[in-house]
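What the coordinates show
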Amino acid sequence: MGVLDGGDLQTRSDEFRNDARQQRGLPSAAPACESDEFHEDPISLVIARSTATRRSMPGWPRFARHDCDFMISLQTNDFELFDVPVQYAQDRAQLDARWKALQREAHPDRFAAEGAAAQRVAMQWSVRINEAYQRLKDPLKRAAYLCEMQGAPVQAENNTAMPAAFLMQQMEWRESLEDTDSAQGLEALADEVAAEQRRVQQTLGDLLDVAKDPAQAVGQVRALMFIERFTQEVNAKLDRLT
């Protein structure tokens, strides 16, 4: 089964919602922005209920969407879905625990009694949860996602602009990689690159979480992209020597 895009996923969710209402003798529900009823996509309800329990709040959480409120949906951003702050700094253990909980809640087998339509929706929810987890747990993907959310897309395919000092650093690293033929030298280079990676990640945290400057963060995201690719090259050469 192919993965549907966001609009198709919401349509599938709405179709299941109306099928469920008709089976119970109820009229079809209005679209979310035309009604203040809760969505009856069972996976949405389970995840929302879990989030409300986690927050120890009465009722279920509702998030603003355009001019109306709605339950957690397939269009909910990754941070809201995982119930974590919209920021670069994240607790990996918390992300891991939330991912496992969401996957349990959205597992298609839990909705076998609801029929095939509900299980298909559950499958799409599982894909959505995994996609969010892959972005949130990875510092590079998380930073790029935050920049995109805040109107500063990275556009690495069309724009390779990076801080000038880092461009000079790239040239030095490339020369070192070409000239080094010992495992000890490559390990020292790998350590140097890893230290720079940590520094760039710290800078990203400052720019995104403190300065709230995604436009400046974009250059650091591109630098981090280069570091990840270069680290792979260093490790590949090291593997050949050991």
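Fair warning: this is a prediction, and the values are worked out from it, not measured in the lab. (Residues numbered from 1 in each chain as written. Predicted model: local features only at pLDDT ≥ 70, side-chain atom pairs only at ≥ 80, totals over all residues. Heavy atoms only, no water.)

**What to know about the packing of helix α6 (residues 139–149) against helix α8 (residues 183–210)**
At a closest axis distance of 11 Å, the pairing of α6 and α8 adopts a crossing angle of 25 degrees. Here α8 runs roughly parallel to α6, going by the angle between their axes. Handedness of the crossing formed by α6 with α8: left-handed. Along the contact surface, α6 presents Pro 139, Ala 143, Leu 146 and Cys 147, while α8 presents Gln 201, Leu 204 and Leu 208. For the contact of α6 with α8, the residue count by class is six nonpolar, one polar and no charged. (Axes fitted to C-alpha atoms, helices over the stretch in contact; angles between N-to-C directions. Helix = DSSP H or I, 4+ residues; strand = E, 2+ residues; numbered from the N terminus. Parallel < 35°, antiparallel > 145°, perpendicular 65-115°, else oblique. Left-handed = near helix turned anticlockwise from the far one by under 90°. Contact = heavy atoms within 4.5 Å. Nonpolar A, V, L, I, M, F, W, Y, C, P; charged D, E, K, R; others polar.)

**What to know about helix α7 (residues 164–179)**
Residues separated by three or four positions in an α-helix point in the same direction, a consequence of the helix having 3.6 residues per turn. If you check α7, its first and last C-alpha atoms are 23 Å apart, about what 16 residues at 1.5 Å a residue would give, namely 22 Å. If you check which residues of α7 are buried, you get Phe 166, Gln 169, Gln 170, Trp 173 and Leu 177. Summarising the axial view, the buried residues of α7 lie within an arc of 110 degrees, below the 170-degree limit, and thus occupy one face. Relative to its buried face, α7 has exposed residues pointing more than 90 degrees away, namely Ala 164, Glu 178 and Asp 179. Along its buried surface, α7 packs onto α8 and α9 (214–241). (Expected span 1.5 Å × (residues − 1). Buried < 20%, exposed > 50% of the residue type's maximum accessible area, 1.4 Å probe, protein only. Arc of directions from axis to C-beta.)

**Some details on unusual backbone geometry**
Even without being a glycine, Asp 83 presents a positive backbone phi close to 55 degrees. Relative to the assigned elements, Asp 83 resides in the loop between α3 (78–81) and α4 (92–106).

**A closer look at the packing of aromatic side chains**
Centre-to-centre distance and the angle between the planes together describe a pair of aromatic rings. For the coordinates displayed, the defined rule picks out eight aromatic pairs. Ring geometry for Phe 82 versus Tyr 133: centroids 6.4 Å apart, planes at 10 degrees, classification stacked. Within this pair, whereas Phe 82 is found in the loop between α3 and α4, its partner Tyr 133 is found in helix α5 (residues 116–137), the two being separated by 51 residues in sequence. For Tyr 133, a relative accessible area of 6% translates into the label buried. A centroid spacing of 4.5 Å and a plane angle of 10 degrees characterise the contact between Trp 99 and Tyr 133, whose relative ring orientation is stacked. With a gap of 34 residues between them, Trp 99 in helix α4 and Tyr 133 in helix α5 connect regions that are remote in the sequence. Among the residues examined, Trp 99 registers a relative accessible area of 24% and is labelled partly exposed. Put simply, the rings of Phe 166, Trp 173, Phe 226 and Phe 230 pair up and form one aromatic cluster. Against the face of Tyr 145 rests Arg 135, its NZ or CZ located 4.9 Å from the ring centre. Sitting above the plane of the Tyr 88 ring, Arg 142 keeps its charged end 4.9 Å from the centroid. (Phe/Tyr/Trp six-rings, centres within 6.5 Å; stacked < 30°, edge-to-face > 60°. Lys NZ or Arg CZ within 6 Å of the ring centre and 35° of its normal.)

Read these as geometric descriptors, not functional statements.
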